[in-house]
Amino acid sequence: MADIAKVAVIGAGVMGAGIAAHVANAGVPVLLLDIVPPGATDRNAIAAGAIDKMLKVEPAPFMSKTAARLITPGNTEDDLEKLAECDWIIEAVVERLDIKQALYRRIQAARKPSSVVSSNTSTIPLAALVEGMGDGFARDFCITHFFNPPRYMRLLEVVAGPQTRPEAIAAVSRFADFSLGKSVITCKDRPGFIANRLGVYWLQVAVVEAIDAGLAVEEADAILGKPIGVPKTGVFGLLDLVGLDLMPHINASMSQALPSEDPFHAANRELPLIAQMIEQGYTGRKGKGGFYRLNRDGGGKVKEAISLTTGEYRPERKAELELPKKFKDLLSSDSKAGRYAWRVMARTLSYAAMLVPEVVDDIASVDEAMRLGYAWKFGPFELIDQLGAEWFTARLEQDGLPVPELLRVAHGQSFYRVQDGCRQMLGPDGNYRDVVRPEGVLWLEDIKRTRASLLKNGSAALWDIGDGVACFEFTSKLNTIDQDIMTLLGKALKLVEREYKALVIYNEGTNFSAGANLGLALFALNIAAWPILEQTVAGGQVTYKAVKYAPFPVVGAPSGMALGGGCEILLHCAAVQAHAESYIGLVECGVGLVPAWGGCKEMLQRWKTLGRLPNGPMPAVVKVFETISTATVAKSAAEAKELLFLRPSDGITMNRYRLLADAKARALELARDYAPPQEGEWILPGEGAAIGMRMAAESFHRRGLATPHDLVVSTALAEVLAGGDADVTRPLREDDVLELERSRFMALLHSPDTVARIEHVLETGKPLRN
């Protein structure tokens, strides 16, 4: 079938509206329909209200507020004929088979023959959904199970029926992959599919075992958090996020659908505490709170946690536990934490092994589902490999727990291995098969298994990624930028000039870069190593300038946070190919500093040349002052374009797995006839403009919106952006602006208030308002 050019979503609840928003994020028009509310004057009120709400909530469903214009609200009484314009129709209504099938009959009468219809259900079997609907409908029908929130959760489970056209699955899967950024996993038609089948069981076991062990919720979340590679929300924090009121409905559905011998039934017991909390409105973050809440009595905000024993709230307290760092050490520990971790994870990992091949044919799909659907750092089979399948099986037998056949197959082996540079997985038949990436995906992790680095030190490495393109990778903690990175980048630029066509700056960390290494800066401050600090700033300016004027294209490829110095390196690249979920900004003012690796000068030039502002030197200066002084961070790549952290011509990749391939393609495209930019001039307004910006900052201070040190930092920033003692008749060279950045940065480093901000951020991860 043809590419999907228009989508309809029926059901404007949280999930349906979120799916519609994400389709709009991809630049595709969406029709969002819901019922006509009784007595409504606006017959589209539910869909229109959902769009309005999404423009206000956080985390934002839209990558840019302009995407909302692509959604057309409507209703199922007046607008079903518009389904004839849509290539993919997604049903996201209430989980009742009778309601869904009644809607399908109306959809079938209105849609065009080539369209695909899918349901977002995770509880009703596909066979039941299409029963009695006719062969024509069944051929075009599938299940597409999104995870909430659809923008941020990268997993999509797709279920095809025996009659579903392969072309329909291919069209939806391709659109979900390239346009929506999803990792698509094809599942069998089984209850809960993969992620919820295992994830719901894990959550239920964790809650039951915590109650039985008399643990505090903070203890349970600490145990089932970092040591296992689960987000810091743990179990109870995750349930608060999802909503406690969903637990009884999901558990009831799973209980009804699963065979009587399934281990889920043993864990699915009634929990009076949960029922009491739901009855009292404690349904999680969307309600009055859940296992955790904010008590606002007395005008304050006190974080509280519920006692699993008494059901009473008390002040939240840090879990006082000695937790081993290694997963196996935790499960082996005969301590309160070790016993709880074993009782939960032994059952969970054993259950995971039962799902292959019942739910899906390979272990990699189960691991991917839990990494992307539940944000586990490691999938269940990767965790079993950390334990050793033989050790794990013996311990299960020792405790009288079931040992699935797949664990016996793995006896004496690992579930994953590397053979001839290729990662392989163990199958249910005992044979290893290659873990195959989707077509067109280029992953640095795979390249690193097959070849040595071109250059390397403790903070960075340079790799050959083929076709005359090299890749520069940050490898430091949090990918913070230090002197080792600057040194190796300088060497890399020289090597690429001699032997390659282009360079991509990219890594596969959670974040592209958290900015400069503040810990090293603080150490240098404490020993008064001022010459070293100034040399570091000046050296960074030289290196970033070399990136900008390299005789070959340098393409930045960020994903996640690109802050401070991480943002500045992108500003100096010939082009950027950004993952859609890139959070880019110059945040130096938050730690009492100003950007000094060229961030100020590059933003001034961008807003002057690309900003569509009134003529004259002031508009660009004021806009950049507003952006940098408030440490504004773009909450998506689309928003980064609006703030000009990215150029209008820079590319956006929706699927994280495709980022490196897209960046490489962009680099090769630029390399065909590349010429570096010519050095420009900066016409800046001078001291009068700096005074005006300081006065604006003082007005914020008088209103309590800026602190005393904010005024100091803003004054330094204003002096840089205004050009010091320049005026409009005397253009500045690039190095003049860099000198202003460097001098004001060094002056601020001498301030005790700046040092206090740096110390506070390093200790707490939060800015100090001093």
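The rules we used
Residues numbered from 1 in each chain as written. Predicted model: local features only at pLDDT ≥ 70, side-chain atom pairs only at ≥ 80, totals over all residues. Heavy atoms only, no water. Helix = DSSP H or I, 4+ residues; strand = E, 2+ residues; numbered from the N terminus. Rg over C-alpha atoms; globule rule 2.2 N^0.38 Å. Buried < 20%, exposed > 50% of the residue type's maximum accessible area, 1.4 Å probe, protein only. Contact = heavy atoms within 4.5 Å. Pairing = 2+ DSSP bridges. Axes fitted to C-alpha atoms, helices over the stretch in contact; angles between N-to-C directions. Patch = residues over 30% accessible without salt bridge, like charges linked within 9 Å, V, L, I, M, F, W, Y side chains within 5 Å. Areas by Shrake-Rupley, 256 points an atom, 1.4 Å probe, with all protein chains shown as cover. Salt bridge = Lys/Arg side-chain N within 4 Å of Asp/Glu carboxyl O. Lys, Arg positive; Asp, Glu negative; His and termini not counted. Charge placed at Lys NZ, Arg CZ, Asp CG, Glu CD. Expected span 1.5 Å × (residues − 1). Core = buried A, V, L, I, M, F, W, Y, C linked by side-chain atoms within 4.5 Å. Parallel < 35°, antiparallel > 145°, perpendicular 65-115°, else oblique. Left-handed = near helix turned anticlockwise from the far one by under 90°. Nonpolar A, V, L, I, M, F, W, Y, C, P; charged D, E, K, R; others polar. Domains from an automatic or database assignment.

### Thoughts on the overall build of the protein chain
- Looking only at helices and strands, the protein chain has 31 helices and 23 strands in total.
- Its C-alpha atoms give the protein chain a radius of gyration of 28 Å, within 12% of the compact-globule value 27 Å for 770 residues.
- The C-alpha extent of the protein chain, read off along each of the three principal axes, is 80 × 65 × 65 Å.
- Among the 770 residues that make up the protein chain, the fraction classed as buried is 55%.
- Long-range contacts, defined here as pairs at least 24 residues apart, represent 70% of the contacts in the protein chain between residues at least 6 apart.

### Considerations on the sheet that holds strand β7 (residues 155-160)
- Across the sheet, which stays open at both edges, the 8 strands sit in the order β3-β2-β1-β4-β5-β6-β7-β8 with mixed pairing between neighbours. With one partner strand each, in any of the chains shown, β3 (71-75) and β8 (183-187) form the two edges of the open sheet. Here the strands of the sheet are splayed against their neighbours by 25° on average, with no regard to which way each runs.
- Pairing of strand β4 (residues 88-91) with strand β5 (residues 116-119), which is carried by 4 bridges, proceeds in the parallel orientation. Each residue of the ladder has a partner; that of Ile90, found in β5, is Ser118.
- Together, β7 and β8 form the strand contacts of helix α15 (residues 363-373), whose direction differs from that of β8 by roughly 130°.

### Comments concerning a positive patch on the surface
- Together, Lys226, Lys325, Lys377 and Lys477 make up a positively charged patch on the protein surface.
- Inspection of the secondary structure puts Lys226 in the loop between α8 (217-223) and α9 (236-242).
- On the basis of relative accessible area, Lys226 is assigned to the exposed category, the value being 78%.

### Side note on helix α24 (residues 599-610)
- Over its 12 residues, α24 runs 16 Å from end to end, which matches the ideal 16 Å to within 8%, given 1.5 Å per residue.
- Along α24, the positions that sit buried rather than exposed are Gly599, Cys600, Lys601, Glu602, Met603, Leu604, Arg606 and Trp607.
- In this structure, the buried side of α24 is in contact with α22 (530-548), α23 (565-571), α25 (618-629), α26 (637-642), α29 (708-722) and α30 (734-749).
- Once α24 ends, the next one or two residues include Arg612, with phi positive near 50°.

### A few points about the nonpolar core
- Formed by 136 residues in total, the largest nonpolar core has its most connected members in Leu83, Trp202, Leu224, Phe291, Met345, Phe381 and Phe415.
- Every residue in contact with Leu224, bar those within four places of it in the chain, is listed here: Trp202, Ala206, Val230, Gly234, Val235, Tyr340, Ala341, Val344 and Met345.
- Counting 86 residues, the second largest nonpolar core, distinct from the first, contains Tyr500, Ala529, Leu604 and Ala722.

### Quick look at the pattern of salt bridges
- In the structure shown here, the tally under the stated rule is 51 salt bridges.
- Between Arg449 and Glu445 there is a salt bridge; the shortest N-O distance is 3.3 Å. On the criterion of helical spacing, the pair formed by Arg449 and Glu445 is a turn pair, its members being 4 residues apart in helix α19 (residues 444-450).
- Arg449 gets classed as partly exposed once you look at its relative accessible area, which sits at 27%.
- One network of salt bridges, with partners in common, ties together Arg111, Asp140, Arg165 and Glu167.

### Side note on the packing of helix α21 (residues 518-526) against helix α31 (residues 752-764)
- In contact at an axis separation of 10 Å, α21 and α31 are set at 135° when each is read in the N-to-C sense. Judged by the inter-axis angle, α21 sits oblique to α31. When you trace α21 past α31, the crossing you get is left-handed. In this structure, α21 contributes Leu518, Gly519, Leu522 and Leu525 to the contact, and α31 contributes Val755, Ile758, Glu759, Val761 and Leu762.
- By residue class, the composition of the contact of α21 with α31 is 7 nonpolar, 1 polar and 1 charged.

### A closer look at the side chain of Glu368
- For Glu368, the location among the structural elements is in helix α15.
- Look past the residues within four positions of Glu368 in its chain and what remains in contact with it is Ser183, Ile185, Gly373 and Tyr657.

### Remarks on the domain arrangement of the protein chain
- Segmenting the protein chain into domains produces domain 1 (7-187), domain 2 (192-436), domain 3 (444-587 + 633-671) and domain 4 (598-630 + 678-770).
- A C-alpha centroid distance of 46 Å is found between domain 1 and domain 4.

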